[in-house]
Amino acid sequence: GAGLCYLKAYFGAYTMSASVFLICAMTLSKYLLLKYPLKAGPVTTKQAHKLCVAMWTISLYFPITFLLTDRRDVSFTYRMYDCAYNFSSQAWKWLKPLSSLLLGFLPNITILVTTVLLLIEARRVARGAKSRLR
């Protein structure tokens, strides 16, 4: 019972941030490979694994912050039948905005900007290829 509730709260925060960081890294690497094909070069499996390990390690920020701030702050609610972290410690008054910035806003803005730049670059490349075909 209680152990699964803690596991759900901490593991949910960990996997959510890891997925955002991995999508951010893939989008950024795709853009860099398209924009600078000769400088970037091929990505080896070892480099890709290092990047993934780095993203998973950075993702530990949220669950470790939960544990260090107040590890007993997980509760079960019958209303939604779910386990959740309550953020009731006073430290969350400044940690919550910082965490939202680091784990929510910055990666999503990076994904958005990189995707727009990727589409612009792909359009430029496609137009150049089209003119060479004529």
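The structure under discussion appears in the preceding block.
Trainee: Kindly report on the overall build of the protein, identifying the contributing residues and their values.
Mentor: Assigned secondary structure in the protein consists of five helices and two strands. Ordered by position from the N terminus, the helices and strands of the protein form the series α-α-α-α-β-β-α. Taken along the three principal axes of its C-alpha coordinates, the protein extends 65 × 30 × 30 Å. Relative to its full complement of 134 residues, the protein shows a buried share of 25%. Contacts spanning at least 24 positions in sequence make up 69% of the contacts within the protein whose residues lie at least 6 apart. Per element, the accessible surface of the protein, about 9700 Å² overall, is 69% carbon and sulfur. The protein carries 17 positive and 4 negative side-chain charges, and their two centres are separated by 18 Å.

Trainee: Requested: an account of helix α4 (residues 61-70), with residues and values cited.
Mentor: Those residues of α4 lying buried are Phe62, Pro63, Thr65 and Phe66. Angularly, the buried residues of α4 cover 160 degrees about the axis, an arc narrow enough to put them on a single face.

What counts and how
Residues numbered from 1 in each chain as written. Predicted model: local features only at pLDDT ≥ 70, side-chain atom pairs only at ≥ 80, totals over all residues. Heavy atoms only, no water. Helix = DSSP H or I, 4+ residues; strand = E, 2+ residues; numbered from the N terminus. Buried < 20%, exposed > 50% of the residue type's maximum accessible area, 1.4 Å probe, protein only. Contact = heavy atoms within 4.5 Å. Areas by Shrake-Rupley, 256 points an atom, 1.4 Å probe, with all protein chains shown as cover. Lys, Arg positive; Asp, Glu negative; His and termini not counted. Charge placed at Lys NZ, Arg CZ, Asp CG, Glu CD. Arc of directions from axis to C-beta.

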